[in-house]
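Reading the structure
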Amino acid sequence: MNATVAQAVLALERGELIHLPTETVYGLGARADDPQAVAKVFEAKGRPRFNPLIVHVADVAQAETIAVFDARAQKLAEAFWPGPLTLVMPVKDTGQVCDLARAGLDSVAVRVPAHPVAQEILRAFGGGVVAPSANRSGRPSPTRFKDAVEETGAFVAASVDGGDCQMGLESTVVSLMGEARYLRAGLITRSDIESVIDGLADDASEGHRSPGRLTRHYAPDAPVVINVTEPPVDCVYMAFGPTDFDGVVVQLSEARDLREAAARLFSALREADAKKPARICVAPVPEDGLGEAINDRLKRAAGFVG
Ligand code: TXA
Ligand code: MG
């Protein structure tokens with residue numbers, strides 16, 4: 001569907017997905033404050049894990065309500081926004097950016113896109129919009145309207161045609177969590193960043209850094225055991241579907257709905273942990289669709305993956 005800005009805004013409000021044209025690549029957008037909407041993004045992309053997403057906002061003022069800006073952030077925003085720069089900063093308001101959008105991190109990636117259609121949509125919507133590139137996982141990022149539609153058109157409620165993307169390369173990502181780091185190369189180069197702030201860490205030789213190692217991932221204090229069908233009495237049981245367990249139960253999804261389970265995953269882990277159990281036992285979750293990413297996160301919580 002070739003939709004208008006008004007249709008896209010309505011779709012966002014309803015928790016549906018949109019195609020968001022930006023100056024870098026077409027994004028697959030959803031409201032950042034709604035975990036069910038964000039779960040649809042991972043579902044549509046077929047991503048095997050919940051990596052943190054970029055939150056797009058209309059301007060610096062709005063970004064400042066979401067993240068904690070230090071002097072470096074202010075200078076970089078002034079120099080490069082609106083434009084193809086994403087800043088990773090401490091999250092200020094987790095109500096505006098749900099846990100699933102941040103993959104449970106205490107940081108948030110924010111960018112103000114320059115594309116006039118993106119600007120129009122974000123301004124009219126008024127809230128933050130997560131938007132990874134609109135391709136299916138493992139495929140090239142779409143830079144033309146028709147490519148975006150071909151990749152993920154079946155999953156979106158509104159596709160807005162913004163013409164061909166001018167840049168065709170994803171935004172530069174700079175982390176300001178502690179030492180400044182150039183995390184993802186883009187059209188705004190390392191020396192562009194260095195012309196504005198001091199102390200950009202020289203991590204070129206360290207190769208790819210996973211966001212998990214840069215900032216703290218939420219991990220429960222209680223040990224987590226997965227694939228449990230016979231939970232012991234002293235555990236909190238994280239169920240997926242109906243259970244006759246007599247002890248404390250936290251449901252991922254009574255209806256065995258993977259989207260609901262994805263949306264609830266981080267809050268369910270916190271809720272279970274808050275009860276200070278001897279351990280958190282998690283029911284088996286099927287591997288299909290969003291199940292793969294849910295299981296990946298659960299395995300990390302259980303200490304199987306780094
Ligand atoms: O140009 C772009 O940035 C496009 C358009 C649509 O705006 N979006 C995009 O999003 O490329 P995505 O989800 O494909 O890329 C997100 C990048 C990843 O490299 C991710 O690891 C990083 O941002 N990122 C997001 N949140 C982070 C965080 N809290 N800490 C560290 N890295 C983060
Ligand atoms: Mg991508």
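Residues numbered from 1 in each chain as written. Chains lettered and ligands numbered in written order. Predicted model: local features only at pLDDT ≥ 70, side-chain atom pairs only at ≥ 80, totals over all residues. Heavy atoms only, no water.

**Examining the nonpolar core**
Counting 80 residues, the largest nonpolar core has Trp81, Ile193 and Ile294 as the members making the most contacts within it. When residues of this core are assigned to their parent elements, the largest contribution, 8 residues, is made by helix α10 (residues 258-274). Counting contributing residues, this core receives three or more from each of domain 1 (5-209) and domain 2 (224-301). In this structure, Ile193 is in contact with Leu76, Phe80, Leu85, Val174, Tyr182, Ile188 and Leu200, ignoring residues within four places of it in sequence. (Core = buried A, V, L, I, M, F, W, Y, C linked by side-chain atoms within 4.5 Å. Buried < 20%, exposed > 50% of the residue type's maximum accessible area, 1.4 Å probe, protein only. Helix = DSSP H or I, 4+ residues; strand = E, 2+ residues; numbered from the N terminus. Domains from an automatic or database assignment. Contact = heavy atoms within 4.5 Å.)

**As for helix α7 (residues 145-152)**
When α7 is considered as a whole, its buried residues turn out to be Phe145, Asp147, Ala148, Glu151 and Thr152. Down the axis of α7, the buried side of the element spans an arc of 165°, and every buried residue falls inside it. Among the exposed residues of α7, those pointing more than 90 degrees away from its buried face are Lys146 and Glu150. Contacts made by the buried residues of α7 are with β1 (2-3), β2 (18-20), β3 (27-31), α2 (35-45) and β8 (158-160). (Arc of directions from axis to C-beta.)

**Details of the side chain of Thr152**
Note that Thr152 resides in helix α7. On the basis of relative accessible area, Thr152 is assigned to the buried category, the value being 0%. At a separation of 2.8 Å, a polar atom in the side chain of Thr152 contacts the side chain of His19. Within the local environment of Thr152, its side chain forms a polar contact with the backbone oxygen of Ala134, the two atoms lying 2.6 Å apart. In this view, Thr152 contacts His19, Leu28, Ala44, Ala134, Asn135 and Arg136; residues no more than four positions away in its chain are not counted. (Polar contact = N/O pair within 3.5 Å; in protein donor to acceptor, adjacent residues only side chain to side chain.)

**Comments concerning the sheet that holds β1**
Judged by pairing direction, the sheet is mixed, and its 10 strands sit side by side in the order β1-β8-β2-β3-β7-β4-β6-β5-β9-β10 without closing on themselves. The open sheet has two edge strands with one neighbour each: β1 and β10 (181-184). Bridge count for β1 against β8 is 2 bridges, and the pairing is parallel. Looking at the pairing, Asn2 lines up with Ser159 of β8. Its contacts with the sheet put α2 on β3 and β7 (129-130), and the angle it makes with β3 is roughly 155°. In this fold helix α6 (residues 116-125) packs onto β2, β3, β4 (54-56), β7 and β8, with an angle of close to 130° to the strand it touches most, β2. (Pairing = 2+ DSSP bridges. Axes fitted to C-alpha atoms, helices over the stretch in contact; angles between N-to-C directions.)

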